[in-house]
Amino acid sequence: MAGASQDELKRLVAQAALEMVVPWLTPGCIVGVGTGSTADCFIDALATVKAKFEAAVSSSDASTLRLQSHGIPVRDLNAIEEVAVYVDGADEVNPERALVKGGGGALTREKIVAASAERFVCIVDQSKLVDVLGAFPLPVEVIPMARRLVAKELARLGGNAVPRAGFVTDNGNHILDVHGLAIDEPAALETRLNNIAGVVENGIFANAAPQKVLVGTPTGVRLIG
């Protein structure tokens, strides 16, 4: 894979995730699927084994459409008992497997499905690995009327909150992309941000980090965890 493009690495790691997940699949089980370009690669791979599981739960309308285009049934999370595994990408991953997610704006639903799953597997290409989270602007989903209030509170923490122009989440909310935060203690900051009035969810995944991270590299797939 020397000289492999980023898209080729995404497909490589998606296939590796499929090989990891297949032994966990049973005819009645539900697979959780995330959102974004790497998750799209996993959906395409998952379609090749759709006879091995019952249905999927999706973290976004876009992923639902892609699953359905492959003939994979999509269920409402409230209508099922458990999710066998959740597979999703990330915008940043630190050495402790804490993540920043939400570049695609689906962070709240992603965190809900991840929390519902027995196993959480994150798939990324090597460009997403960082020593300290925060170079990628941290997405924070907010109730529209609270946007200014939340931005002021984020400024007190040292962050510059920029409204994501022309974007509304699948939940009908807005996204603030927060620049300038060095996230040295991800779990503590995740909790603190969610305690700000008007915040629906933030893109730090540390309190419920993935058990496994698969990283696509030019020399193959690296496993963290």
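About the thresholds
- Residues numbered from 1 in each chain as written.
- Predicted model: local features only at pLDDT ≥ 70, side-chain atom pairs only at ≥ 80, totals over all residues.
- Heavy atoms only, no water.
- Helix = DSSP H or I, 4+ residues; strand = E, 2+ residues; numbered from the N terminus.
- Rg over C-alpha atoms; globule rule 2.2 N^0.38 Å.
- Buried < 20%, exposed > 50% of the residue type's maximum accessible area, 1.4 Å probe, protein only.
- Contact = heavy atoms within 4.5 Å.
- Areas by Shrake-Rupley, 256 points an atom, 1.4 Å probe, with all protein chains shown as cover.
- Phe/Tyr/Trp six-rings, centres within 6.5 Å; stacked < 30°, edge-to-face > 60°.
- Lys NZ or Arg CZ within 6 Å of the ring centre and 35° of its normal.
- Pairing = 2+ DSSP bridges.
- Axes fitted to C-alpha atoms, helices over the stretch in contact; angles between N-to-C directions.
- Parallel < 35°, antiparallel > 145°, perpendicular 65-115°, else oblique.
- Left-handed = near helix turned anticlockwise from the far one by under 90°.
- Nonpolar A, V, L, I, M, F, W, Y, C, P; charged D, E, K, R; others polar.
- Polar contact = N/O pair within 3.5 Å; in protein donor to acceptor, adjacent residues only side chain to side chain.

Caption draft 1: Region of interest: the overall build of the protein. Scanning the protein from N- to C-terminus turns up six helices and 13 strands. Against the globule reference of 17 Å for 225 residues, the protein gives a C-alpha radius of gyration of 17 Å, in line with a compact fold. Over its C-alpha atoms, taken along the principal directions, the protein stretches across nearly 50 × 40 × 30 Å. Counting the 225 residues in the protein, one finds 51% classified as buried. Sequence separation of at least 24 residues holds for 73% of the intrachain contacts in the protein that already meet a minimum separation of 6. Accessible surface, the protein as shown: approximately 10100 Å² in total, 50% of it carbon and sulfur.

Caption draft 2: The arrangement of the packing of aromatic side chains in detail. Counted by the stated rule, this structure contains two aromatic pairs. Chaining the aromatic ring pairs together yields one cluster made of Tyr86, Phe120 and Phe205. Looking at Lys101, its charged tip hangs above the ring of Phe205, at a distance of 5.5 Å from the centre. One residue, Arg164, lies across the ring of Phe167, its end atom 5.2 Å from the ring centre.

Caption draft 3: Representation of the pairing of strand 7 (residues 138-142) within the structure. The element strand 7 is extensively covered by neighbouring structure, given that five of its five residues are classed as buried. In strand 7, alternate side chains face the same way, and those of Leu138, Val140 and Val142 on one face and Pro139 and Glu141 on the other are all buried. Bridge count between strand 7 and strand 9 (residues 174-179): five bridges; the pairing is antiparallel. Counted as the bridge partner of Pro139 is Asp177 from strand 9. Bridge count between strand 7 and strand 10 (residues 199-202): three bridges; the pairing is antiparallel. Looking at the pairing, Glu141 lines up with Glu201 of strand 10.

Caption draft 4: Quick look at the packing of helix 2 (residues 37-46) against helix 3 (residues 61-69). Relative orientation of the contacting elements helix 2 and helix 3 amounts to 25°, with a least axis distance of 9 Å. In this view, helix 2 runs roughly parallel relative to helix 3, as classed from their interaxial angle. Where helix 2 crosses over helix 3, the two elements pack in a sense that is right-handed. On helix 3, the residues that touch Asp40, Ile43, Asp44 and Leu46 of helix 2 are Ser63, Arg66 and Leu67. Residue composition of the contact of helix 2 with helix 3, by class: three nonpolar, one polar and three charged.

Caption draft 5: Summary view of the sheet that holds strand 8 (residues 160-163). An order of 8-9-7-10 is seen for the four strands of this open sheet, with the pairing classed as antiparallel. Two strands in the sheet have a free side with no partner beyond their single neighbour: strand 8 and strand 10. Each strand of the sheet is rotated relative to its neighbour by a mean of 30°, with strand direction disregarded. Packing against the sheet, helix 4 (residues 107-116) makes contact with strand 7, strand 9 and strand 10, and its axis sits at approximately 70° to strand 10.

Caption draft 6: Examining the side chain of Glu201 more closely. Counting through the fold element by element, Glu201 comes out in strand 10. A distance of 2.9 Å separates polar atoms of two side chains, one belonging to Glu201 and the other to Lys111. At a separation of 2.7 Å, a polar atom in the side chain of Glu201 contacts the side chain of Asn194. Ignoring sequence-local partners within four residues, the contact set of Glu201 consists of Leu107, Thr108, Lys111, Val140, Glu141 and Asn194.

Caption draft 7: Just the pairing of strand 13 (residues 220-224), in detail. In terms of strand pairing, strand 12 (residues 212-217) meets strand 13 through five bridges, oriented antiparallel. Following the sheet pairing, Val215 is matched in strand 13 by Arg222. Taking the residues that link successive antiparallel strands as the turn, the strand 12-strand 13 hairpin has two residues.

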